[in-house]
Structures are given as C-alpha cells and as structure tokens.
Amino acid sequence: MSAIRQAQRLISFSFSPRSSGIRIYQCLSKRNFHRINSVTCSENVTSKFDDRPEFPGSKSEFVSKLEFIEPDNIKGIPVYRALGRNGNIIEDSEDPKLDSSTVLKMYKDMTLLNTMDRILYESQRQGRISFYMTNYGEEGTHIGSAAALDPRDLVFGQYREAGVLMWRGFTLDQFMDQCYGNVNDIGKGRQMPVHYGTKKLNFVTISSPLATQMPQAAGAAYALKRAKNGLCVICYFGEGAASEGDAHAAFNFAAVLDCPVIFFCRNNGYAISTPVKDQYRGDGIASRGVGYGMMTVRVDGNDVFAVYNAVKSAREIAVAQNRPVLIEAMTYRIGHHSTSDDSSAYRSVDEVSYWDKQDNPISRLRNYMINNGFWDEKMEKEWKLESRKMVMRSFADAETRKRPSPDEMFEDVYDVLPKHLENQLQEMKNHVKQYKENYPLEHHEKLT
Ligand SMILES: Cc1ncc(C[n+]2csc(CCOP(=O)(O)OP(=O)(O)O)c2C)c(N)n1
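Residues numbered from 1 in each chain as written. Predicted model: local features only at pLDDT ≥ 70, side-chain atom pairs only at ≥ 80, totals over all residues. Heavy atoms only, no water.

K.L.:
For this particular structure, what's the right way to read the site of the ligand?
P.N.:
If you check the shell around the ligand, you find 17 residues, and the closest are Tyr159, Arg160, Gly240, Ala241 and Tyr270. At 2.8 Å, a backbone N or O of Tyr270 approaches an oxygen atom of the ligand. Of the residues assigned to the shell around the ligand, the class counts are seven nonpolar, six polar and four charged. (Near = heavy atom within 4 Å. Polar contact = N/O pair within 3.5 Å; in protein donor to acceptor, adjacent residues only side chain to side chain. Nonpolar A, V, L, I, M, F, W, Y, C, P; charged D, E, K, R; others polar.)

Here it is, written out as structure tokens:
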C-alpha cells in the first residue's frame, strides 16, 4: 500500500478499479492529498489545513458551526454607472470616449425609436394596426448594448428591443411593413406586430412564448464557439421571463458548455401588472448569475454609456474565454406593457412620471451632449421635426401597401409544401372564389 501512496504523491492520475474494491482518487498536486480506499485508510487526513471536503459537487471548506445563509444579510449587487443624472461623467476612467458622431447616432436612434413608438402606438389606438408595444424608458439598454457589439454577433430578443434593430440599420419602412403585415414584410404578415426579425442584420425573429429564445441562444453560441469565428450571441429577456424554466436551462447549459453568450436582462420593474416583489425574493436576476458560475454585472440601464461599457467588456470575456456573461440592466418600463394594457390600473401616475421626467435615458444623454457642446435647443427642434416627418412618410407608405396573397399562409410551414397542405390550399382557393364577397380580397395580393 505505501508504495502506491508514494507513487501517488509523485504523479497525478485517476484510476478506479471498482472490481478490486480499491478506489484511488485523483492525486491533487496542489493539496498533496489523496485517499486510498478511504474507509480503511484515514491516516492521511492529518492537519486542519488538509481537512477539506472532497465532494465532487462543491468547492468549499468545512465549518463546524451550523449557520444558514440569510440572503437579506448579503449586500445587494451594486449598480454600475458612468453618466450621472445631470449628464456628467462620474469617473474619468469610465468614460467610453466615444466620438461625437457615435454619440450623435446613439441619441438620434434613441429619439427616433421614441417617435416611431408614439406614432405606432397612436395608430393602434385608431385600429390601423392590431397591436403594439412601446420601448419608452428602455432606449438606453437597446442602443448602448447594440453599439458595443460586432454587427455580425447574433441577437436573440424578447420583443422590447426594437432599438437594437434600429442601431443595426433596420429601416423605418421595415418596422412599419412588419406592423402592417403588408407584402414587404420580411415575415410575410404572419406574426403579430413587433415580432421583427432579419437574417441580414443577424437578428433572430421574435416569437411570443417567453424565454424560449434563451436556451436557443445558448445553443447558437455553442455553434459559434465551434465555428471559431470570434463572434458571440446576445440574448435579451425581461426579469419576468427570467422566471421561466427555459431561463434556468439556458443559464446552466451556457455555463456548463462554455458558450460565448451575453444574457442581457432588462429589469424594468414589471411583467405586465406583476411588480418585481411578486416575481422574486432574491436580489434581482444578477444574483442568480453567480449561482450558475457566470461572470455577472448589474448596470444602470438608463445610462447608455454604462450599458455600452458593460456589453463591450462582456463581449470580450465571452469571445476570449468562451463563457457566458450575465448583465442585469436596471431600468423602468415607462409605457404600458402593450396596447392591450392600461397600467394605471396597477401603478401610480407619480411613479411613472418620476422615471419619465427625472431619470430618463434620453434626457441624460441629451444633457451629456449639451454639456459637451455638440447639441443645442435649435438642433433638438429641427431633429424633432425631421424625424417625425421620416416616421410619418414610412407610416403612410406602409399603410397603402397590400397584404400578401392568402396563398402565402400555406408556404413555409414545411420547407416544401406537402400534399395534405396543397389540398388545403386548393380547398381554400375554391372556397374564397365561391364566397369572395365575404372576404377582404381587395386588401390582398391576388390569389394565384
Ligand atoms: C410562456 C409565456 N407565458 C406568458 C406569456 C404572456 N406574457 C407576455 S409578456 C409577459 C410579461 C413579461 O414580462 P418581462 O419579461 O418582465 O418583460 P417586459 O414586458 O417587462 O419587457 C407575459 C406574462 C407569454 N407570452 N409566454
């Protein structure tokens, strides 16, 4: 026996001849500790220092006092910010030092998104489109994160990330065409408004079931890792969606399989009418990241520079080390959840007004730009007029376009139209031709 022990001290190996009844565990050179048939040989557990748990499932020390961990005694994860509310850089070292044209694009995209939201929200109220979701208050999370990515990085979104698309060059016409479901819609008018997607801009099409994109994002990141192309995935989700089982699956798979994915949580305080106090009892979503073994940070989501810095660093970690990173961006959903919601039924006007007037990502960036001399009242006025005009033009154009032909709804169910769907298509055509006065065919492209 002692010869084996001697040998174990010198070399590191794992050997488990179960049939012989002797189990030899890997000799850990750092701790110089080993066991042979640990039931009978205990003489190696000598000093206090060496007496460490060897359970494969944890990395900790022994303690001899019973103490439960009280989560409320652990200090909350701090909120990182770079820009103060007055638009001043707080610490020079945290200034991303973006050139004025980049900052200008950030501001213009955030405000253009805001203008588009106003017009599409109103158009839904008038029954011109069926549904809409605004992005009010969260513009900084979209633009700050999108600006820090490589445009080839793959985006998986929830539904409140239109600014990411805008940053990448999705046009106002494309937004409008999707919301109207007209012939120019890339998605052929099949999904509800705001379910955008474009292969060209590496933005995976949105779908309604919450959190389903999360394990898919981990899988896509795994594929990118194997492709060794230096790219990563970013996956957006709300704090409400983080309660889904899919969020757990995604975090754990991404950590265990070393996937280069940035999980970006928009914690805006509400999931429809459910406030965060009814969503979770822990310290937000960030505290969960550590539990999954992920690098984690919490940022001020109303500070576009803090978001930018966090995503830029997260991207470097994800790509260089092939590991997931969790970012929790603290923000506030200023608008109603969607056009199907009236949020005054569950929160006060004062609460909303605070975030709209006192702590808003757009006004904060505007303050920064004014402080630095590249924006003023006159430019603001002109841009407001110009951007409104641009949005109205696209809106009017999208409204005049026809919807796709009814034939289209049978395509793309499968790669190739199978016989049974071809039969259904034929039945539909015969039916519609026979009863054409009952269908709004004038709004659609012709049936073939
Ligand atoms: C699996 C699933 N359950 C429920 C819903 C209904 N639903 C749509 S949005 C939403 C709230 C999501 O809140 P959060 O993730 O915090 O995002 P936010 O809307 O605040 O941006 C719910 C419950 C859904 N779409 N999918």
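K.L.:
Explanation requested: the pattern of salt bridges in the structure shown.
P.N.:
Any two side chains of opposite charge can pair, given that their charged atoms come close. Using the criterion set out here, one finds 23 salt bridges in the structure. Here Arg266 ties to Glu138 by a salt bridge, and the two come within 2.7 Å at their closest N and O atoms. Taken as a pair, Arg266 in strand β4 (residues 261-267) and Glu138 in the loop between α2 (100-125) and α3 (139-148) lie far apart in primary sequence, 128 residues in all. Given the relative accessible area of 1%, Arg266 is considered buried. Given a relative accessible area of 0%, Glu138 falls into the buried group. Residue Lys378 is joined to Glu382 by a salt bridge in which the shortest nitrogen-to-oxygen separation is 3.4 Å. Linking Lys378 with Glu382, this pair stays in helix α12 (residues 377-400), spanning four residues, or about one helical turn. (Salt bridge = Lys/Arg side-chain N within 4 Å of Asp/Glu carboxyl O. Helix = DSSP H or I, 4+ residues; strand = E, 2+ residues; numbered from the N terminus. Buried < 20%, exposed > 50% of the residue type's maximum accessible area, 1.4 Å probe, protein only.)

K.L.:
Sorry if this is basic, but what is going on with helix α9 (residues 304-321) here?
P.N.:
Note: α-helices contain 3.6 residues per turn, so residues at a spacing of three or four share the same orientation. Between the first and last C-alpha of α9 there are 25 Å, a value that for 18 residues agrees with the 26 Å anticipated at 1.5 Å per step. Regarding α9, its N-cap is Asp303, as a side-chain oxygen of that residue lies 3.0 Å from the backbone nitrogen of Phe305 further along. The first or second residue beyond α9 is Asn322, which carries a positive phi of 50 degrees. (Expected span 1.5 Å × (residues − 1).)

K.L.:
I would appreciate a short explanation of helix α6 (residues 213-227) in the present structure.
P.N.:
End to end, α6 covers 21 Å across 15 residues, agreeing with the expected 21 Å (1.5 Å per residue, within 8%). Buried residues of α6: Gln213, Met214, Ala217, Ala218, Ala220, Ala221 and Leu224, and no others. In an axial view of α6, the angular spread of the buried residues amounts to 165 degrees, which keeps them on one side of the axis. Residues of α6 that are buried sit in contact with β1 (154-156), β3 (233-238), α7 (245-256) and β4. Following α6 by one or two positions, Lys228 adopts a phi angle in the positive range, close to 50 degrees. (Arc of directions from axis to C-beta. Contact = heavy atoms within 4.5 Å.)

K.L.:
Explanation requested: unusual backbone geometry in the structure shown.
P.N.:
For residues other than glycine, phi is negative in most cases, and the peptide bonds are mostly trans. Phi is positive for Val194, which is not a glycine, with a value near 70 degrees. Counting through the fold element by element, Val194 comes out in the loop between α5 (172-180) and β2 (203-204). A positive phi is found at Asn322, a non-glycine position, where the angle reads about 50 degrees. Take Asn322: it is sitting in the loop between α9 and β8 (325-330). Relative accessible area serves as the criterion here: at 27%, Asn322 is assigned to the partly exposed category.

K.L.:
Which parts of the structure should I look at to understand the packing of aromatic side chains?
P.N.:
Here a ring pair, both rings aromatic, is described through the centre-centre distance and the interplanar angle of the planes. All chains considered together, the criterion is met by 16 aromatic pairs. Relative to Tyr346, the ring of Tyr270 has its centre 5.8 Å away and its plane inclined at 45 degrees; by these criteria the two rings are tilted. In this pair, Tyr270 sits in strand β5 (residues 270-271) while Tyr346 sits in the loop between β8 and α10 (349-357), placing the two residues 76 residues apart along the sequence. Classification of Tyr270 as buried rests on a relative accessible area of 11%. One aromatic cluster in this structure is built from Tyr270, Tyr332, Tyr346, Tyr354 and Trp355. Residue placement shows Lys108 over the ring face of Trp383; its charged tip is 4.8 Å from the ring centre. Directly above the aromatic system of Tyr270 lies the positively charged group of Arg347, at a separation of 5.3 Å from the ring centroid. (Phe/Tyr/Trp six-rings, centres within 6.5 Å; stacked < 30°, edge-to-face > 60°. Lys NZ or Arg CZ within 6 Å of the ring centre and 35° of its normal.)

K.L.:
Before we go on, may I ask you to explain a nonpolar patch on the surface in this structure?
P.N.:
On the surface, a nonpolar cluster with roughly 370 Å² of combined accessible area is contributed by Tyr222, Phe253, Val256 and Leu257. The residue Tyr222 is located in helix α6 in this model. A residue is classified by how much of its surface remains accessible, and Tyr222, at 32% relative accessible area, is partly exposed. (Patch = residues over 30% accessible without salt bridge, like charges linked within 9 Å, V, L, I, M, F, W, Y side chains within 5 Å. Areas by Shrake-Rupley, 256 points an atom, 1.4 Å probe, with all protein chains shown as cover.)

Interpretation in functional terms is not warranted from these geometric data alone.
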